[in-house]
Amino acid sequence: MPTRRHLAALPLLAAPGLARAQAWPARPVTVIVPWAAGGGADTVTRIFVQGLERELNQPVNVVNRTGGNGVTGHAAIANAAPDGYTVGTGTSEFANFRALGLAEFGPENLDLLSRLATIPAGVTVRTEAPWHDFKTFAAALKDGRKGSITGSGVGAGGSWHLAAAGMARKLGLEADRIRWIPSTGGAPALQDLVAGGIGVFTGSPVEAQSLASAGRVRILAVMGEQRMTILPDVPTLKESGLDWAYANWFALVAPRGIPAPVRTALLAAAERAHARPEVREMMQGRGIVPVWDGPEAFTRFAVQFAETSGVLLRELGLARAS
């Protein structure tokens, strides 16, 4: 049975952890983004950071660590000191590194704190194309020979490639029914679309919006769970009769092993920052869907996402041999 002296010592045992939480953050925090400035991950991060700085009362510095199809930046987050002063923006690609043979890296290598936002894929064609809605496009995809319709938006095996593959599978077709033309990003892929070099762009409708407004492309559908606030007249695939949704996602992640009191304080500040009206309004105004699901739900989601992506990558012939 503990004596009074033992009981009295308990607060002292807890004091170091409590002191760490109260002291954090005593200096600026760094957020590593594994992709270049100006892209989706960078945009989501910089909006979120505006709220996080207000909650922490400390500067929050965004550092872009590019290279290796996202491996370099994600590895930098995982290998950072687990003290709460370096966190990062994880993107859907890290769930596929192992399947693609890029790195022995997966959801278990990071502390998964919460998703921050999603950007749905879409189905965009050039204005001169004969398809005026998704149903006519889907019929052409089914009736034509495999590979007769080409698509692009990202490199082989990237998020928008998986969006196209999953859509084809839900239509009862091969995952590679759309012949994929690798691209370095949405902008060059859209230029190829306008020029007639590809048949469909399955990247973000946000990137296609200006061309759609100029009458150069037609957005047939979005792959989100609901219509986008910036494109209220564009239906979802589910509204068009196909039960398929796909979105690229962006998350707050950290190196594993952050002391529990600091991690708790970090999570609380991040959740408050994400809930700030100005943060959510800036995201929504750009067609970005704010999401906060927390560590447990995000971990379940990431594991399931990796499994689904792995199946599609194998069907596309892009997964490494196990």
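Residues numbered from 1 in each chain as written. Predicted model: local features only at pLDDT ≥ 70, side-chain atom pairs only at ≥ 80, totals over all residues. Heavy atoms only, no water.

**Q** Quick one: what's the story with the packing of helix 9 (residues 260-275) against helix 10 (residues 277-285), residue by residue and with numbers?
**A** It is at 5 Å that the axes of helix 9 and helix 10 come closest, and there the two elements cross at 60 degrees. Taken together, the axis directions place helix 9 and helix 10 in an arrangement best described as oblique. In this structure, helix 9 contributes Ala273, His274 and Ala275 to the contact, and helix 10 contributes Pro277, Val279 and Arg280. Among the residues forming the contact of helix 9 with helix 10, the class breakdown is 4 nonpolar, 1 polar and 1 charged. (Axes fitted to C-alpha atoms, helices over the stretch in contact; angles between N-to-C directions. Helix = DSSP H or I, 4+ residues; strand = E, 2+ residues; numbered from the N terminus. Parallel < 35°, antiparallel > 145°, perpendicular 65-115°, else oblique. Contact = heavy atoms within 4.5 Å. Nonpolar A, V, L, I, M, F, W, Y, C, P; charged D, E, K, R; others polar.)

**Q** Summarise the nonpolar core; cite the residues concerned and give the values.
**A** The biggest cluster of nonpolar side chains holds 52 residues, and the ones touching the most others in it are Val123, Phe134, Phe137, Met167, Met223 and Leu237. Of all the secondary structure elements, the ones that give two or more residues to this core are helix 3 (71-78), strand 5 (122-126), helix 5 (134-143), helix 6 (159-170), strand 9 (217-222), strand 10 (247-254) and helix 11 (294-315). The element that contributes the greatest number of residues to this core is helix 6, accounting for 7 residues. Not counting residues within four places of it along the chain, the set of residues in contact with methionine 223 comprises Pro120, Ala121, Gly122, Val123, Ala163, Met167, Thr202, Leu237, Trp244, Ala245 and Tyr246. By size, the runner-up hydrophobic cluster in this structure holds 32 residues, among which are Phe48, Val60, Val87 and Ala269. (Core = buried A, V, L, I, M, F, W, Y, C linked by side-chain atoms within 4.5 Å. Buried < 20%, exposed > 50% of the residue type's maximum accessible area, 1.4 Å probe, protein only.)

**Q** Account for the pairing of strand 1 (residues 29-33), with residues named and values stated.
**A** On a regular strand, each side chain points to the face opposite its neighbour's, so the side chains alternate between the two faces of the sheet. Burial runs high along strand 1: 4 of the 5 residues are buried. Bridge analysis of strand 1 against strand 2 (residues 60-64) gives 5 bridges, and the strand direction is parallel. Bridged to threonine 30 within strand 2 is asparagine 61. Following the backbone out of strand 1, through helix 2 (residues 40-56) and into the adjacent parallel strand 2, one traces a crossover that is right-handed. Two elements, strand 1 and strand 3 (residues 86-91), share 3 bridges in a ladder whose sense is parallel. The partner of isoleucine 32 across the bridge, within strand 3, is glycine 88. (Pairing = 2+ DSSP bridges. Right-handed = clockwise from strand over helix to strand, strands pointing away.)

**Q** Could you give me a rundown of the packing of helix 2 against helix 10, with the residues and numbers involved?
**A** For the pair helix 2 and helix 10, the least separation of the axes is 9 Å and the interaxial angle reads 170 degrees. The orientation of helix 2 relative to helix 10 falls into the category roughly antiparallel. Contacts between helix 2 and helix 10 involve Val44, Ile47, Phe48, Gln50, Gly51 and Arg54 from the former and Glu278, Val279, Met282 and Met283 from the latter. Considering only residue class, the contact of helix 2 with helix 10 consists of 6 nonpolar, 2 polar and 2 charged.

**Q** Got a sec to walk through the pattern of salt bridges? Specific residues and values, please.
**A** Evaluated as defined, the whole model comprises 18 salt bridges. Of the charged contacts, one joins glutamate 108 and arginine 98 as a salt bridge, the two residues approaching to 2.6 Å between their closest N and O atoms. Here the residue glutamate 108 occupies a position in the loop between helix 4 (97-100) and strand 4 (111-120), and arginine 98 occupies one in helix 4, the gap between them amounting to 10 residues. Glutamate 108 gets classed as partly exposed once you look at its relative accessible area, which sits at 44%. Across the salt bridge formed by lysine 238 and glutamate 225, the nearest N and O atoms sit 2.8 Å from each other. Placement of lysine 238 in the loop between strand 9 and strand 10 and of glutamate 225 in the loop between strand 9 and strand 10 is noted, with a sequence separation of 13 residues between them. Residue class for lysine 238 comes out partly exposed when judged on its relative accessible area of 35%. What makes glutamate 225 exposed here is its relative accessible area of 60%. (Salt bridge = Lys/Arg side-chain N within 4 Å of Asp/Glu carboxyl O.)

**Q** Please set out the layout of surface pockets residue by residue, giving values where relevant.
**A** Volume-wise, the largest pocket comes out at about 980 Å³. Residue lining of the largest pocket: 41 residues in total, with Trp35, Glu93, Val154, Trp160 and Asn248 positioned closest to the centre. Among the secondary structure elements, those contributing two or more residues to the lining of the largest pocket are helix 2, helix 4, helix 6, helix 8 (205-213) and strand 10. If you tally residues by element for the lining of the largest pocket, the top one is helix 2, at 4 residues. For the lining of the largest pocket, the class distribution of residues is 15 nonpolar, 23 polar and 3 charged. One number sums up the size of the second largest pocket: a volume of about 640 Å³. Lining the second largest pocket are 28 residues, with Thr118, Glu225, Ala245, Tyr246 and Ala247 positioned closest to its centre. Elements supplying a minimum of two residues to the lining of the second largest pocket: strand 4, strand 10, strand 11 (289-290) and helix 11. A breakdown of the residues in the lining of the second largest pocket according to their chemical character gives 16 nonpolar, 9 polar and 3 charged. (1 Å grid on protein atoms, 1.4 Å probe; cavity = no way out; pocket = protein on both sides within 12 Å on 5 of 7 lines; lining within 4 Å. Points joined across faces, edges and corners; volume = space filled by probe spheres on them.)

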